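Examining the three-dimensional arrangement
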Amino acid sequence: MDTKDTNTNAASSSISPEPIRGADLTSLPTNFEPESETATGIALATVPAAQDTPDVKKEKVTTPFQDSLKRLRRDRRAMVSLSIIILFIIIPIIGPFIYQHVGGQLLDGLSGKQISPATYHSPFIQRLDHQDEGPSAVNWLGTDSIGRDTLARLMQGMLISLFVALAVEVVNVTLGILIGVSAGFFGGWVDQFLARFTDIMFAFPGLLFVILVAGIFGQSLDGPLSNVPILGANGNARLLVVSIALAFVGWPLMARFVRGQTLQLKEQQFIEAARTSGTSNARIIRSHIIPNLFNIVVVAATLDIANTVIGEAGLSFLGLGVSTPGSSIGLMINDAQGLTDVHPIEVLIPAITLTIIVLAFSFLGDGLRDAFDPRAKD
Amino acid sequence: MVGFFIKRFIGLIFVLLGVTFITFILGINAPGDPIKNLLGNHYNHDAWVRLRHIYGLDLPWYQQYFNYVTQLLRFNFGNSYYFQEVPVIDVLKPGIPVSAELGLWGLVLTFVIGVPVGILSALKANTWIDTSAMSASLILYSLPSFVLAVFFQVAVVQLDRLTKSHWPIANWGNAWQYTPTDLTYKIGPILVFAAVGFAFIARLTRTTMLEILRQDYVRTARAKGLKEQTVNYRHAFRNALIPLVTVFGTSLATLVGGVFFIEVIFNIPGIGQIAINAIGNRDYTVIQATGVIFAIAVVMGNLVADLLYSVVDPRIKVE
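Quick caveat: nothing in here was measured; it's all calculated off a predicted structure.

1. Here's the deal with the overall build of chain A
- Within chain A, the regular secondary structure consists of 15 helices and two strands.
- Counting only contacts in chain A whose residues sit at least 6 apart along the sequence, the fraction spanning at least 24 positions is 67%.

2. Thoughts on the overall build of chain B
- In terms of regular secondary structure, chain B is built from 15 helices and zero strands.
- Along the longest, intermediate and shortest principal axes, the C-alpha atoms of chain B span 85 × 65 × 30 Å.
- Pairs at least 24 apart in sequence give 71% of the contacts found in chain B among residues at least 6 apart.

3. Side note on the nonpolar core
- One finds Val210(A), Ile211(A) and Val213(A) to be the most contacted residues of the largest nonpolar core, which totals 160 residues.
- Not counting the four nearest positions on each side in its chain, Ile211(A) is found in contact with Leu315(A), Leu318(A), Leu320(A) and Phe260(B).

4. Considerations on helix H14 (residues 271-280) of chain B
- Burial runs high along H14(B): eight of the ten residues are buried.
- For H14(B), the full list of buried residues reads Ile271(B), Gly272(B), Gln273(B), Ile274(B), Ala275(B), Ile276(B), Ala278(B) and Ile279(B).
- Contacts made by the buried residues of H14(B) are with helix H10 (208-225) of chain A together with helix H5 (88-92), helix H6 (95-123), helix H13 (248-265) and helix H15 (284-312) of chain B.

5. Looking at the interface of chain A and chain B
- Of the residues lining the interface, 37 residues belong to chain A; the matching set on chain B comes to 40 residues.
- Among the secondary structure elements, those contributing two or more residues to the side of chain A that touches chain B are helix H9 (188-202), H10, helix H13 (281-317) and helix H15 (344-372) of chain A.
- Along the lines of polarity and charge, the residues of the side of chain A that touches chain B split into 24 nonpolar, nine polar and four charged.

6. A few points about the packing of H13(A) against helix H14 (residues 329-336) of chain A
Residues and elements named next belong to chain A.
- For the pair H13 and H14, the least separation of the axes is 6 Å and the interaxial angle reads 35°. For the crossing formed where H13 meets H14, the hand is right-handed. Judged by residue contacts, Glu 312, Ala 313, Gly 314, Leu 315, Ser 316 and Phe 317 of H13 engage Ile 329, Gly 330, Leu 331, Ile 333 and Asn 334 from H14.
- Partitioned by chemical class, the residues of the contact of H13 with H14 number six nonpolar, four polar and one charged.

7. A look at unusual backbone geometry
Residues and elements named next belong to chain B.
- Notably, Phe 75 is not glycine yet its phi reads approximately 60°, a positive angle.
- Looking at where Phe 75 falls in the secondary structure, it is placed in the loop between helix H4 (61-73) and H5.
- Taking the C-beta count within 10 Å as the criterion, Phe 75 has 11 such neighbours and is therefore assigned exposed.
- For Asn 267, which is not glycine, the phi torsion reads 55° and is therefore positive.
- Overall, the presence of 14 C-beta atoms within 10 Å leaves Asn 267 in the partly exposed class.

8. Quick notes on H13(B)
Residue and element names in this part refer to chain B.
- The end-to-end C-alpha distance of H13 is 26 Å, a good match for the 26 Å that 18 residues give at a rise of 1.5 Å each.
- Largest kink in H13: about 40°, centred on Gly 258.
- The element H13 is largely enclosed, with a buried count of 17 among its 18 residues.
- Just downstream of H13, Asn 267 is the residue with a positive phi angle, here 55°.

9. Concerning the packing of H10(A) against helix H11 (residues 237-266) of chain A
Residue and element names in this part refer to chain A.
- In the contact formed by H10 and H11, the axes pass within 8 Å of each other and the chain directions differ by 145°. Viewed along their axes, H10 and H11 form a crossing whose handedness is right-handed. Within the contact between the two elements, H10 uses Phe 209, Val 210, Val 213, Ala 214, Phe 217, Gly 218, Leu 221, Asp 222 and Leu 225 and H11 uses Ala 237, Arg 238, Leu 240, Val 241, Val 242, Ala 245, Leu 246 and Val 249.
- When grouped by side-chain class, the residues that make up the contact of H10 with H11 number 14 nonpolar, one polar and two charged.

10. Some details on the environment of Asn174(B)
Residues and elements named next belong to chain B.
- Assignment of secondary structure puts Asn 174 in the loop between helix H8 (145-163) and helix H9 (180-213).
- Residue class for Asn 174 comes out partly exposed when judged on the 14 C-beta atoms lying within 10 Å of it.
- Once the C-alpha coordinates of Asn 174 and Pro 97 are considered, the two residues, 77 residues apart in sequence, prove to be 10.0 Å apart.

11. Focus on the environment of Phe152(B)
Residue and element names in this part refer to chain B.
- Examined against the element boundaries, Phe 152 turns out to sit in helix H8.
- The spacing of Phe 152 and Leu 191 is 39 residues in sequence and 9.7 Å in space, taken between C-alpha atoms.
- Setting aside residues no more than four positions away along its own chain, Phe 152 makes contact with Gly 188 and Val 192.

12. Some thoughts on the confidence of the model for chain A
Residue and element names in this part refer to chain A.
- Across chain A, pLDDT averages 78, with 81% of residues at or above 70.
- At the low end of the mean pLDDT range in chain A sits helix H2 (residues 22-25), at 40; at the high end sits helix H6 (residues 76-99), at 90.
- For residues 1-51, every residue scores under 50 in pLDDT, and the model assigns this stretch 36 contacts once sequence neighbours within four places are set aside.

13. A word on the environment of Ala199(B)
All names here are of chain B.
- With respect to the helices and strands, Ala 199 occurs in helix H9.
- Ala 199 sits 63 residues away from Ala 136 along the chain, and the two C-alpha atoms are 7.9 Å apart.
- Leave out the neighbours within four places in its chain, and Ala 199 touches Ser 137, Leu 140 and Tyr 141.

The rules behind these values
- Residues numbered from 1 in each chain as written.
- Chains lettered and ligands numbered in written order.
- Predicted model: local features only at pLDDT ≥ 70, side-chain atom pairs only at ≥ 80, totals over all residues.
- Helix = DSSP H or I, 4+ residues; strand = E, 2+ residues; numbered from the N terminus.
- Contact = placed C-beta atoms within 7 Å.
- Core = buried A, V, L, I, M, F, W, Y, C linked by C-beta atoms within 7 Å.
- Buried ≥ 20, exposed ≤ 12 C-beta atoms within 10 Å, placed from the backbone.
- Nonpolar A, V, L, I, M, F, W, Y, C, P; charged D, E, K, R; others polar.
- Axes fitted to C-alpha atoms, helices over the stretch in contact; angles between N-to-C directions.
- Left-handed = near helix turned anticlockwise from the far one by under 90°.
- Expected span 1.5 Å × (residues − 1).
- Bend = angle between axes of the 7 residues up to and from the residue.
- pLDDT = per-residue confidence, 0-100.

Take a look at the structure:
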């Protein structure tokens, strides 16, 4: 018993050199992923030992998941990206409410009436006597070519990007796990189907397939879809088509990752052990395979969000996604594209925002991969 | 070897059938009735039934699909839905040389810039050259081409203002002509077009090169006293080129996917722009044809890459 204790003591202190860094970094993690990870690997063996002596108790025994989080927290680029992402999620959600209450009453030059910030900070309302203005106290990022507030439109566009990214990722992850796991675990026709389907979809490079779908069905679906409450209104109708098409193109890649990982897991001894003790396939998948897919799915989804955001912006840029009066980062670039020589700021604002979003997700994705799967580093 | 080719060939047929089937499905489900559209004011039911029969639109779907594929084999993409009675191929024809030129130079630059940058980064690993080259290529690789194009245009406009020059930010000179004026139009778009590709190639080349520099035969070459240059270029570099063959297909796909954006933002009259205009005109047959052409180009590119790979790297035959 004694030897065991000292061993864990020595081991844990050498692997994780004290929770020195813990103090400033404990804010968000630990409760992030509940008990399921503790079941894996070394942690199980060390936990009871650690509880025996009060001395060791102070030194936290870390699960592999916590180790990964620790590695992630040490990655400064990933953490900066993460904070930017959080900021960029908060801004478009609560930003408009604040922005529409900042500023006093203004005399509108055209109608001669008093207008409140709820009007002149609205992404949809045009003030034709204030076209192409630079940043000012009234319009913080200026106005566009038909006098709409740029910041308001930018926040609306970011919201759209977020919405599409979220919707597409939910579909991708669900389909990817469902089909990827069945393909990897059972093989057979699902596997064949997945392989053939990905082969075919990979023949449509980049956004070609989405462009085809949005190009052929977009306009005719505008009518029916704009009746969908909230989602379809304000020129967002085609966004639904675009989201569906993006998800349709995206899931095979996720399924492929999941399949590969499942194939590997299937051969591991703990699965064999589970099977030997009579665990059903459904239960093996539910409680042994899927929890272990967490890492790979999170990494792939994060990297894929960058692509989805680009996809939505790209299609809106081509005029196949969100249309006026709606707002999207891509649409803003498209609107301002002819003004590059006279009002470069109008095209730069959405372009820089998109750059930041995309880079943040790419860097976070890279960081996650390095943290969760250090062997995959190139 | 023969087995490999046969297997590859069957796979190719399957993918081509799949690709054409998808575009076929998209085409026949496109909104609107092509026959009604064709008849216009002369619409009456009898004529509609007769024309439907002539165009084979009353056949079951599998026969229609069969006809579609056999027509594709003859490069017949049907008639334009918008410019009536003009074959689709004629609508696309003016764009083909332009897009081909853009694509060719894009592909050339992808490798001509990407490979040296990657090699240099690997040889100077972990110096400032390596770090800055790799950060730059990571950023270029992550960003979509239309955002790069925006930054490029803004930069050119500002430079023009400073130097009082007139470097254009849009349009395309004459296809396949390289007078100084044509070049001012072409250099920018081609560079932006190739940026995503060469960033990817640079990173890949660096990784492979680093891996190869760690190999035993490189150490042996060094140990027997060969000059550093000989080791790097004769022993390492040549082998680092092998994996690049495999990504030929990927690079081609990246380029093809970027065509729409580059052509729209730089106002280049290529196939991509014609397709986007066709979307505005609801010219479904043209959109469909663009999809098929691009997808087939990518499939063929991948095939060429595979075949080249088996030639360059003899080990592949064993598998």
